[in-house]
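Structural overview
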Amino acid sequence: MTCVIAGGGPAGAVLALLLARAGVEVTLLEKHADFLRDFRGDTIHPSTLQVLDEIGLAEEFMKIPHRKAYQVDLVADQGKVTLADLRPLPGRYNYIAFAPQWDFLTLVTSAASKYPTFRLLMEAEAYDLIRSDGAVKGVRYRDKSGEHEIRADLTVAADGRHSTLRAAAGLVPQELGAPMDALWFRLPREDSDPDETFLRLSTGHLMVAINRETYWQLAYVIPKGGYSRLRDQGIEAFRQPVAELLPFLAGRIDEIRSYDDVSMLTVALNRLRRWHRPGFLCIGDAAHAMSPVFGVGINLAVQDAVATANLLAGSLRSGAPIPESTLHLLQKRRMLPTRVTQFAQRTVQNRVISPALENKLKTPRIPPNLSRIPILSPLVRRFVGTGIRPEHVTTPPPRPT
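Presented here is an overview of the structure given in this document. (Residues numbered from 1 in each chain as written. Predicted model: local features only at pLDDT ≥ 70, side-chain atom pairs only at ≥ 80, totals over all residues. Heavy atoms only, no water.)

A short note on the packing of aromatic side chains
Condition: Any Phe, Tyr or Trp ring, taking Trp's six-membered ring, that has another such ring centre within 6.5 Å forms a pair; planes under 30 degrees apart are called stacked, those over 60 apart edge-to-face, and the others tilted. Runs of H or I in DSSP of at least four residues are treated as helices and runs of E of at least two as strands, each being numbered from the N terminus. Throughout, exposure labels follow a simple rule: accessible area from a 1.4 Å probe, protein chains only, divided by the maximum for the residue type, with under 20% read as buried, over 50% as exposed, and the rest as partly exposed. Consider the ring centre and the ring normal. A charge sits over the ring if Lys NZ or Arg CZ is within 6 Å of that centre and within 35 degrees of that normal.
For the structure shown, the criterion picks out 9 aromatic pairs. Between Y227 and Y259, the aromatic rings sit 6.0 Å apart at their centres with planes inclined by 80°, giving edge-to-face as the arrangement. Linking Y227 in helix 6 (residues 227-232) with Y259 in the loop between helix 7 (236-245) and strand 18 (263-265), this pair joins segments that are 32 residues apart in sequence. Taking the relative accessible area as the measure of exposure, Y227 reaches 15% and is therefore buried. Taking the centre distance of 5.1 Å and the plane angle of 80° together, the rings of F294 and F383 count as edge-to-face. Residue F294 is located in the loop between strand 21 (280-282) and helix 8 (297-318), and its partner F383 is located in helix 10 (residues 376-385); the two are separated by 89 residues in the primary sequence. Here F294 falls in the partly exposed class, since its relative accessible area comes to 31%. Residue classification places F383 among the buried positions, given a relative accessible area of 17%. Chaining the aromatic ring pairs together yields one cluster made of F185, Y220, Y227, F238 and Y259. Across from the ring centre of Y95, 5.3 Å away, lies the NZ or CZ of K68, which sits over that ring. The residue whose ring lies beneath R186 is Y215, and the NZ or CZ to ring-centre distance is 4.0 Å.

In structure tokens form, the structure reads like this:
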């Protein structure tokens, strides 16, 4: 049996690799010419590092330029607060790795290309489903040479939060709401700057600063739908609060010459009530768009991919039919971590982010190290580090050519 996957993000790429190493014929469609999108999520949490270890890619991943964060810090007006210390986590991976997502995807797809049953089509955009006898039988896609079809026993939509195939299947996500959008930009980094990646919180303002060694990847959080209003006020309305929040960048802020140097990310938080149709399955952001809160989007997507491969690889390899009830088992397994994570994200959005952006946040006296609170600390550490119901690879060992 064959599988076609639309979307070369973390969910699609990891699923394609796991199926290919299990001997399943799989085609991965990626609509772009490469993986170089500057403002993708870049946090690789311990649960994903463990998956890479289980499939023999951890050593190769460590060769990718990355930074290890052993704790999660918040910088408030009163000073730095440690929210979680990951060092006590069991196992080899007690840190979050910040690595460009394009390097992660290149690593995964390069590993998949070692297997003869894997095919990657770049600049191939899936735009519709093939249906027959009440079931999905593949996809229609377009590339530079025209329009084409791929017929498959299983079609997987991993094409993101604006999934074209999800819409083609008539599946509509339940919107849970997000009070913010984010403006992504970069500025040069100097040796005297802070080393750590951190969250900067102040009344009326919120920023994320990611250390990329030679530059800062920065996100300035704005109220939902507020981008047009900010643009109308001119670029100084953007530069000024950034310089006030991060004074060490004040001398470089003029390098943001206009809003052309800024990318706007529309934040969404939603999930499908139903992830499947006969012959068709949604995973990753196509099934559940995650808020940037906790930076766990990649890791939920990878866990979806691992669970999908564990459940379906055997049937796909042997040619056994995959009833829709089996696809529903996958949804049931992954719905708990989705719901719990999104509940936590909504709680932070409603109690911290919204009040902060509306100038209503009353900043309490926060202990400088929350990781020392006996009951809270282990829960936060586990939630951030491994998440709810981390998956482990049970598909067969690799058989490269």
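Details of the side chain of T155
Put simply, the rule is: Contacts between residues were defined by any pair of non-hydrogen atoms, one from each residue, lying within 4.5 Å.
Looking at the secondary structure, you find T155 in strand 12 (residues 154-157). In contact with T155, other than residues within four places in its own chain, are V4, L129, V136, K137, G138, V139, L165, G279, F280 and L281.

Brief notes about the sheet that holds strand 12
Here is the rule we go by: For two strands to be treated as a pair, DSSP must find no fewer than two bridges joining them.
Reading across from one edge, 8-2-1-12-21-20 is the order of the 6 strands in this open sheet, with mixed pairing throughout. Edge positions in the sheet fall to strand 8 (118-122) and strand 20 (276-277), since each of these pairs with one other strand and no more. As paired elements, strand 1 (residues 2-6) and strand 2 (residues 25-30) share 5 bridges and run parallel to each other. Counterpart to T2 in the pairing with strand 2 is E25.

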